[in-house]
Amino acid sequence: MRKTTLITGGAGYIGSHTAVALINAGHNVLVLDNLCNSSRECISRLEQLTLTRVEFIKGDIRDANLLDDIFRRYDIDAVVHFASLKSVAESVRKPLDYYANNVAGTLDLCQAMARNNVFQLVFSSSATVYGEPTRIPIAEDVGTGKPVNPYGRTKLMIEELLTDLCHSDPRWSIGLLRYFNPIGAHESGMIGEDPRGRPNNLLPCLMQVAIGRMPELTVYGNDYPTADGTCVRDYIHVVDLAIGHLKALQVLQHNSGINFWNLGTGTGYSVLQIIQSFEDITGITIPYRFAPRREGDIAQCWADPGKAGRELNWTAQRDLHQMIVDAWRWQSCNPQGYQASFEISALIAVK
Ligand code: NAD
Ligand code: UD1
C-alpha cells in the first residue's frame, strides 16, 4: 500500500500547489488545516484539478490528540509542514500568537511525529532567516542573520529547534526550504493566493489594484541603492516552489540529519520592473505612488539556488512572464478568491 504524506496547511497558497505536485507524482496526501487563512473550497478545487479524492481534516497542529489519531489512522511516512501564521505586520502586533502558532505548533507536531515514529519532515522556511544579507546572491553557507520581525524570528527559532532535533536523534531527516518570494498560481487558474483582509505583499497588492479593489499601488521607497531606486527581490513561481518540495521529499527518504536549501530563481527584479511587466503582459495600467521606505525592508536580495540544483536536482523553470500570466489568470477568474465559484468564461486573454 502507498504511504501517505501529511501536508499541514495544505489548504493554503503554497500547500495547495504542493498537494497538486505530490498527487501528480503519485503520492497519497492528507491535508490538515484549521482554515484560519484558507477555505474548504480550495480542497474541492484540488479534487477537480487532480481528479482525485483529497483527504482533508479540519484541525489544528497544536491538537495532540488529533495528531495521534491521524498518525494511527493513516500510514504516514513524511510530513510537509506549511501551517503557520505569515503576516509580518500582524506578527509585530500579536507576537504571542505567532510564537504560539508557529513555534509551539511545530514543537507539538514534532512531538507527535516522534511518538508515532515518523521522522521525515519538510519545513517551510524563508529567506527572512538571512536578515540583512552580507553577500548577494545569498548562498546557504552565508549562515543565518538577524530577522527583523517576530514572524521572521519564529522561522529562525524553528530552524534552530529542528537542527537540535536532528543532532539529538539520527532517525530524523529534515529539509528546511528557504523560500524567496513566491508568486504566480497554477496554470489552470483554479487555485492561487487568496489573502484574507488587506494584503501586504507586492503581487497581491498589485492584483487588488488591477481588479479595481484598491485605487493605487504604494511603492515603498525609490531611494534604494538599486538601478531604479526600488527594492529588488527574487520572485519564484509557486509551482516551481511546489516541485522543490517533491524533490526534497525524494532526497530525504535516503538521507538523515538536517539539510538547508534555498528555493529561488537566482534573478532579481525591482518593484518598478514588476509593475512594468504586469502592464506589458495584461495591457492594464497600474496607478502607483511612491511612499517612504517600509520598515524592515532590505534593498535587494536574490538567491544562489546552486545547492538545490546540485543536491535536489531542482531548478526553477518558469520565468517572470509565466508568473504574471498565471497570477493574473487566477485573479481574473476568481476576483473574490475562493468565495465565488470558478467561471471558465472569465478566462481572459493575455498577450
Ligand atoms: P497560507 O496562509 O496561505 O497557508 C498556511 C495555511 O496554514 C493556511 O491554510 C492556514 O489556515 C493554515 N494554518 C495556520 N495555522 C495553523 C494551525 N495551527 N493548524 C493548522 N493549520 C494552520 O500561507 P502560504 O503563503 O501558503 O505559506 C505557507 C508556509 O510558507 C508558511 O509557513 C509561511 O510562513 C511560509 N512562507 C511563505 C512565504 C510567502 O511569501 N507566501 C514566504 C516564505 C515562507
Ligand atoms: C515579506 C516579508 C518576509 C516574508 C515574505 C513572505 C517584510 C519586511 N518581509 O518579504 O519576511 O517572508 O514577505 O510573506 O515584510 N512593496 C511595495 N508595495 C506594496 C507591497 C510591497 O512597494 O504594496 C515592495 C516592498 O517594499 C518590497 C517588495 O515590494 O520591496 C516585495 O515585498 P513583499 O512582497 O512584501 O515581500 P518581502 O518584503 O520581500
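Everything below is about the structure shown above.
Residues numbered from 1 in each chain as written. Chains lettered and ligands numbered in written order. Predicted model: local features only at pLDDT ≥ 70, side-chain atom pairs only at ≥ 80, totals over all residues. Heavy atoms only, no water.

Enquirer: Give me the lowdown on the site of ligand 1, citing residues and values where you can.
Expert: Close contacts around ligand 1 come from 27 residues, with D33, N37, S38, K86 and Y151 the closest. Here an oxygen atom of ligand 1 and a backbone polar atom of G12 are 3.3 Å apart. Within the side chain of D33, one N or O atom sits 2.6 Å away from an oxygen atom of ligand 1. Considered on its own, ligand 1 offers 820 Å² of accessible surface; in the complex 95% of this is hidden by protein. Listed by contribution, the elements that provide at least two residues to the shell around ligand 1 are α1 (13–24), β5 (120–126) and α6 (150–168). For the shell around ligand 1, the per-class residue count stands at 11 nonpolar, 11 polar and 5 charged. (Near = heavy atom within 4 Å. Polar contact = N/O pair within 3.5 Å; in protein donor to acceptor, adjacent residues only side chain to side chain. Areas by Shrake-Rupley, 256 points an atom, 1.4 Å probe, with all protein chains shown as cover. Helix = DSSP H or I, 4+ residues; strand = E, 2+ residues; numbered from the N terminus. Nonpolar A, V, L, I, M, F, W, Y, C, P; charged D, E, K, R; others polar.)

Enquirer: So, unusual backbone geometry: which residues are in play, and what are the values?
Expert: Residue P137 is bonded to the preceding I136 through a cis peptide linkage, with omega at 0°. Mapped onto the secondary structure, P137 falls in the loop between β5 and α6. The backbone of L51 sits at a positive phi, close to 55°, despite the residue not being glycine. Secondary-structure assignment places L51 in the loop between α2 (40–50) and β3 (55–58). With a phi close to 55°, N313 is a non-glycine residue in the positive phi region. In this structure, N313 sits in the loop between α10 (306–312) and α11 (320–333).

Enquirer: Can you tell me about the site of ligand 2, naming the residues and giving the values?
Expert: Surveying the vicinity of ligand 2 reveals 20 residues, the closest of which are L202, T218, R233, R294 and D297. Between S126 and ligand 2, the recorded distance is 3.1 Å, taken from a side-chain N or O atom to an oxygen atom. The side chain of N181 places a nitrogen or oxygen atom 3.0 Å from an oxygen atom of ligand 2. Taking 740 Å² as the accessible area of ligand 2 by itself, protein coverage stands at 89%. Elements represented by at least two residues in the shell around ligand 2 include exactly α7 (202–210) and β8 (217–220). The leading source of residues in the shell around ligand 2 is β8, at 4 residues. In the shell around ligand 2, the residues fall into 10 nonpolar, 7 polar and 3 charged.

Enquirer: An account of the nonpolar core is requested, with residue identities and associated values reported.
Expert: Counting 40 residues, the largest nonpolar core has L46, W261 and L263 as the members making the most contacts within it. The biggest single contributor to this core is helix α8 (residues 238–252), with 8 residues. Filtering out sequence-adjacent residues up to four positions away, W261 remains in contact with E140, G175, L176, L177, R178, A248, V251, L252, K307, A308, E311 and L312. L6, I70, L161 and L176 belong to the second largest nonpolar core, which has 30 residues in total. (Core = buried A, V, L, I, M, F, W, Y, C linked by side-chain atoms within 4.5 Å. Buried < 20%, exposed > 50% of the residue type's maximum accessible area, 1.4 Å probe, protein only. Contact = heavy atoms within 4.5 Å.)

Enquirer: Mind laying out the packing of α7 against helix α9 (residues 271–282), listing which residues take part and the relevant values?
Expert: Contact geometry for α7 and α9: axes closest at 12 Å, N-to-C directions at 40°. Looking at the two axes, α7 sits oblique to α9. Considering the relative orientation of α7 and α9, their crossing is right-handed. Between α7 and α9, the residues in contact are L202, L203, L206, M207 and A210 and V271, I274, I275 and F278, respectively. Here the contact of α7 with α9 is built from residues that sort into 9 nonpolar, no polar and no charged. (Axes fitted to C-alpha atoms, helices over the stretch in contact; angles between N-to-C directions. Parallel < 35°, antiparallel > 145°, perpendicular 65-115°, else oblique. Left-handed = near helix turned anticlockwise from the far one by under 90°.)

Enquirer: Lay out the pattern of salt bridges with the relevant residues and their values.
Expert: Scanning all chains against the criterion turns up 18 salt bridges. A salt bridge links D68 to R115; its shortest N-O distance comes to 3.1 Å. Taken together, the residues span a long stretch of sequence, with D68 in helix α3 (residues 64–73) and R115 in helix α5 (residues 95–115) at a distance of 47 residues. Of the charged contacts, one joins D297 and R294 as a salt bridge, the two residues approaching to 3.1 Å between their closest N and O atoms. (Salt bridge = Lys/Arg side-chain N within 4 Å of Asp/Glu carboxyl O.)

Enquirer: So what's going on with α5? Which residues, and what values?
Expert: For α5, built from 21 residues, the straight-helix expectation of 30 Å at 1.5 Å per residue is met to within 8% by its first-to-last C-alpha distance of 29 Å. Most pronounced at G105, the bend in α5 amounts to some 30°. Those residues of α5 that are buried are in contact with β1 (4–8), α3, β4 (76–81), α4 (88–93), β5 and α6. N117, located one to two residues past α5, shows a positive phi value of around 60°. (Expected span 1.5 Å × (residues − 1). Bend = angle between axes of the 7 residues up to and from the residue.)

Shape is all these values report; function is a separate question.
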